[in-house]
Amino acid sequence: MPKKITYAKGSIIYFEEDKDDRIFILQKGLVVLSSTDVETKSPVTEYAKEGEFFGVKSAFGRFPREETATVVADAQVIAMSVAEFEQLFSSNKQIIMKMLRVFSNQLRAIHKRSEQILGSGEGINPQVGMASVAQCFYDDERYRSCCDICLKILKLYPESDEKENIARLYADSKKRHDMMMAKSARQGSGDQIVIPAGGSGFYLPGFERFVKTFERDSVIISEYEPGETFYLIQSGSIQLVKCVNGVRKNLDILQPGEFFGEMAILENSPRSATCVAIDKVEVLEFNKANFEALITGNPQMALILLKLFCKRIYDQKRRLKILFISEPQARLANVFMMFDEMHPSPSPSDKSRRFNLTTSDLSHWSGLPSDVVREEVNKFVEKRRIEIFDNHIIVNNIVDMKRVADMNRVGDNRRERGSLV
């Protein structure tokens with residue numbers, strides 16, 4: 001049962017980095033939520049007012065608290081577990097939608113800041129951006145995907161000055177794709193499809209009219225494309241891709257039961273990544289209008305979305321923090337730790353970890369130039385901390401890698417304090 005708790009002025013409800021799965025509602029008084037800006041290191045102060053929730057993201061996402069909650073006027077709060085919140089509020093569409101809007105805005109702001117730092121995507125005309133994505137897939141010999149993006153451009157921008165160029169790119173890509181398919185057929189289709197583990201089906205009764213099917217290598221949504229729909233995967237797997245300076249980067253793999261394109265629920269903003277079918281995929285396609293029907297009849301779906309937003313906000317903040325670490329080796333160590341958190345080992349006692357990363361990927365995630373990454377990676381190799389292969393990297397001792405990340409973080413903190421003296 002939810003508990004009513006009274007706090008005197010000056011009390012700390014929880015500290016930053018605490019692990020606590022409770023969600024709070026402030027009934028009376030005033031609570032200040034204090035944290036540190038990742039970029040400027042300056043204090044950030046927000047206030048929880050009467051009737052407002054706080055502590056939601058870390059409770060839903062099951063990650064450490066991002067702020068310290070301090071009582072600045074005698075307060076009375078209701079504390080509840082995630083399960084109790086779900087029981088009490090899952091059918092309250094107004095509260096759920098308000099939280100989704102707040103989290104959506106936070107996620108968009110963090111993502112935009114990351115894009116600004118990396119200099120990728122910010123201020124690019126959507127049509128130009130989509131054309132660059134199509135060219136990126138073409139250069140990578142992913143001709144089926146290139147065709148799909150070209151068709152999207154031609155449909156969205158029928159009067160474009162670049163219409164003829166896009167049409168030529170489409171025709172060339174289709175010709176090359178057909179040639180590859182014919183060659184594959186003659187050779188007995190030796191191209192094996194690797195389906196990630198955990199790809200069992202997820203079906204939502206009563207929503208058959210929203211089902212769409214996509215074949216392998218189909219582009220469901222393209223980076224820079226206007227966003228009006230979002231999707232729930234029923235079967236198959238989706239690869240999230242981002243094209244950075246003409247290079248295709250694989251971000252993540254989504255499985256049945258997961259959403260993608262969800263930012264379109266609350267804002268018609270350009271897509272921030274390309275979603276490609278790894279194998280044959282069946283999805284449910286929703287827009288803002290029928291999302292109302294989804295959460296009214298299936299409130300658990302709205303809660304899944306809330307948890308998804310919480311996780312993605314945490315992941316984006318985690319990455320943003322990496323971009324502001326001064327020591328190159330510390331940045332790379334934190335990239336490994338980030339991937340360890342995102343894809344934990346099924347055996348916690350296993351210290352050796354394999355990550356599907358290349359040195360090019362390390363450059364992307366750390367925001368470091370490729371020559372700096374190669375130099376720092378060589379240092380890790382010389383100390384036998386990692387082993388480099390063509391398409392993956394082995395971290396020999398993840399605990400040791402965490403020490404590298406933590407020691408350098410301490411060094412950064414000392415330098416920051418010294419600069420203030």
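Please refer to the structure placed before this passage.
Now for a description of the structure that goes with this document. One numbering rule holds for all chains: residues counted from 1, following each sequence as written. Reporting in this predicted model follows two pLDDT cut-offs: at least 70 for local features of residues, and 80 or more for side-chain atom pairs to be given and counted; totals over whole chains, interfaces and linings ignore these cut-offs and use all residues. Neither water nor hydrogens contribute to the side-chain values; these are computed over all heavy atoms in the structure.

### Quick word on the overall build of the protein
Move 1: Within the protein one finds 12 helices and 17 strands.
Move 2: For the radius of gyration, the atom set is restricted to C-alpha positions; the globular benchmark scales as 2.2 Å times the number of residues to the power 0.38. Over its C-alpha atoms the protein spans a radius of gyration of 23 Å, differing by no more than 12% from the 22 Å that the globule rule assigns to 421 residues.
Move 3: Summarising its shape, the C-alpha atoms of the protein cover approximately 75 × 60 × 45 Å along the three principal directions.
Move 4: Split into buried and exposed, the 421 residues of the protein put 47% on the buried side.
Move 5: When contacts within the protein are restricted to residue pairs at least 6 apart in sequence, long-range pairs at least 24 apart make up 75% of them.
Move 6: Note on areas: Shrake-Rupley with a 1.4 Å probe; residue coverage comes only from the protein chains shown. Accessible surface computed for the protein: about 21,600 Å², of which carbon and sulfur atoms make up 51%.
Move 7: Of the side chains in the protein, 59 bear a positive and 58 a negative charge, and the two mean positions are spaced by 2 Å. Under the scheme used here, helices are H or I runs from DSSP no shorter than 4 residues and strands are E runs no shorter than 2 residues, and both carry numbers assigned from the N terminus. Relative accessibility under 20% of the residue-type maximum defines a buried residue, over 50% an exposed one, and the middle range a partly exposed one, all with a 1.4 Å probe and only protein chains included. Contacts are assigned to residue pairs that have any heavy atoms within 4.5 Å of one another. Under the counting rule used here, the positive set is Lys and Arg, the negative set is Asp and Glu, and His together with the chain ends is not counted. To locate a charge, take atom NZ for lysine, CZ for arginine, CG for aspartate or CD for glutamate.

### Notes on the sheet that holds strand 10 (residues 238-244)
Move 1: Spatial strand order, 8-13-10-11: 4 strands in an open sheet with antiparallel pairing. The sheet is open, and its two borders are formed by strand 8 (219-221) and strand 11 (247-254), each paired with just one other strand. For this sheet, the mean angle separating the axes of adjacent strands, direction not counted, is 35°.
Move 2: The angle between two axes is taken between their N-to-C directions and runs from 0 to 180 degrees, where each axis is a line fitted to C-alpha atoms and a helix contributes only its stretch in contact. Helix 4 (residues 126-139) rests against strand 10, strand 11 and strand 13 (274-277) of the sheet, and its axis sits at about 105° to strand 10. In this analysis, strands are considered paired if DSSP registers two or more bridges between them.

### Here we look at the environment of isoleucine 124
Move 1: Position of isoleucine 124 relative to the elements: it lies in the loop between helix 3 (93-118) and helix 4.
Move 2: Owing to a relative accessible area of 36%, isoleucine 124 belongs among the partly exposed residues under this scheme.
Move 3: Sequence separation between isoleucine 124 and isoleucine 95 is 29 residues, and the spatial gap between their C-alpha atoms is 35 Å.
Move 4: Discounting chain neighbours no more than four positions away, the residues touching isoleucine 124 are Gly129 and Tyr224.

### Structural notes on the pairing of strand 4 (residues 43-48)
Move 1: Of the pairings in the sheet, the one linking strand 3 (residues 22-36) to strand 4 comprises 6 bridges and is antiparallel in character. When the bridges of strand 4 are listed, valine 32 appears paired with tyrosine 47.
Move 2: Two successive antiparallel strands, strand 3 and strand 4, enclose a turn made up of 6 residues, where lysine 41 displays a positive phi of approximately 65°.

### Remarks on helix 3
Move 1: Here helix 3 spans 37 Å end to end across 26 residues, near enough to the 38 Å set by a 1.5 Å rise per residue.
Move 2: Inspection of helix 3 places Ile96, Met97, Met99, Leu100, Phe103, Ser104, Leu107, Ile110, His111, Ser114 and Glu115 among the buried residues, and these make up the whole buried set.
Move 3: Among the structural elements, strand 5 (53-54), helix 1 (56-61), helix 2 (82-89), strand 10, helix 7 (288-297) and helix 8 (299-323) are those in contact with the buried residues of helix 3. Expected helix span is given by 1.5 Å per residue-to-residue step, counting one fewer step than there are residues.

### A closer look at unusual backbone geometry
Move 1: One non-glycine residue with positive phi stands out, namely glutamate 17, at about 80°.
Move 2: Summarising the element assignment, glutamate 17 is placed in the loop between strand 2 (12-14) and strand 3.
Move 3: Phi is positive for tyrosine 224, which is not a glycine, with a value near 80°.

### Structural notes on the sheet that holds strand 12 (residues 259-260)
Move 1: Pairing is antiparallel in the open sheet, where 4 strands are placed in the order 7-14-9-12. Each end of this open sheet is capped by a strand with a single partner; those strands are strand 7 (211-214) and strand 12.
Move 2: In the sheet, strand 9 (residues 229-235) pairs with strand 14 (residues 281-287) via 6 bridges, with the strands oriented antiparallel. Its bridge partner being in strand 14, serine 235 is matched across the sheet by glutamate 282.
Move 3: Here helix 7 sits on the sheet in contact with strand 9 and strand 14, set at roughly 105° to strand 14.

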